[in-house]
Amino acid sequence: MNFVAALCSLFMLTALAAGGYGPEDVVRQYFSALKEGDIPGLKSVMSQAYYTKRKTLLERNAGYSDFLVENYRDVEIAVLDVNIADDKAYVTVEKVHAMDGREEIVMILVKTDDWAWKIDRERYR
């Protein structure tokens, strides 16, 4: 086995050990959880710092799940770009809503100690 193949194998094993999810997969899970109003699902893909900022909204607003379902019902996303630099990933997403038009968002993810990617913040363009 050559060096590149060995490195790719190591990367794949590491990714599988961490749940097998890359930054793009995590972003897709995030938007899926938004569409479903899945609060535990949102929590599972957020960094602790990001979750802490939204904790009150997510945990103490009984109607928030229904709001998310209603608000994201007609939203489609397209991943435009993924850049990984060290322990951070930048996933550029185009969010399309029939009523509100298009919006570009950069989702910034961090790699946790257990090699999982978590959404740390988002930046609207």
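Analysis parameters
Residues numbered from 1 in each chain as written. Predicted model: local features only at pLDDT ≥ 70, side-chain atom pairs only at ≥ 80, totals over all residues. Heavy atoms only, no water. Helix = DSSP H or I, 4+ residues; strand = E, 2+ residues; numbered from the N terminus. Expected span 1.5 Å × (residues − 1). Buried < 20%, exposed > 50% of the residue type's maximum accessible area, 1.4 Å probe, protein only. Arc of directions from axis to C-beta. Contact = heavy atoms within 4.5 Å. Pairing = 2+ DSSP bridges. Axes fitted to C-alpha atoms, helices over the stretch in contact; angles between N-to-C directions. Salt bridge = Lys/Arg side-chain N within 4 Å of Asp/Glu carboxyl O.

1. Topic: helix 2 (residues 23–36)
Item 1. Between the first and last C-alpha of helix 2 there are 20 Å, a value that for 14 residues agrees with the 20 Å anticipated at 1.5 Å per step.
Item 2. Considered for burial, the residues of helix 2 that qualify are Pro23, Val26, Val27, Tyr30, Phe31, Ala33 and Leu34. Buried residues in helix 2, looked at end-on, bunch into an arc of 155°, giving them a common side.
Item 3. Looking one or two residues beyond helix 2, the residue adopting positive phi is glycine 37, at roughly 65°.

2. Quick notes on helix 4 (residues 48–60)
Item 1. Between its first and last C-alpha atoms helix 4 spans 17 Å; for 13 residues at 1.5 Å apiece the expected length is 18 Å, and the two agree.
Item 2. Along helix 4, the residues that are buried comprise Tyr50, Tyr51 and Leu58.
Item 3. Buried residues along helix 4 sit in contact with helix 2, helix 3 (39–45), helix 5 (64–72) and strand 4 (117–124).

3. Describing the sheet that holds strand 3 (residues 101–111)
Item 1. One open sheet accounts for 4 strands, arranged 1-2-3-4; its pairing is antiparallel. For this open sheet the edge positions go to strand 1 (75–85) and strand 4, each flanked by a neighbour on one side alone. Averaged over all pairs of adjacent strands, the angle between their axes in this sheet comes to 25°, without regard to strand direction.
Item 2. Looking at chain direction, strand 1 and strand 2 (residues 88–97) are connected through 10 bridges and run antiparallel. In the strand pairing of strand 2, isoleucine 84 is matched with alanine 89.

4. Concerning the pattern of salt bridges
Where charged atoms of side chains with opposite charge meet at close range, the side chains can pair.
Item 1. Throughout the structure, instances matching the rule amount to 7 salt bridges.
Item 2. Where glutamate 24 meets arginine 28, a salt bridge forms, and the shortest distance between an N and an O atom there is 3.1 Å. With glutamate 24 and arginine 28 both in helix 2, this residue pair falls 4 residues apart, about one helical turn.
Item 3. Here glutamate 24 falls in the partly exposed class, since its relative accessible area comes to 30%.
Item 4. Judged by relative accessible area, arginine 28 falls into the partly exposed class, the value being 38%.
Item 5. Between arginine 102 and glutamate 94 there is a salt bridge; the shortest N-O distance is 3.2 Å.

The values reported here are purely geometric and, on their own, carry no functional implication.
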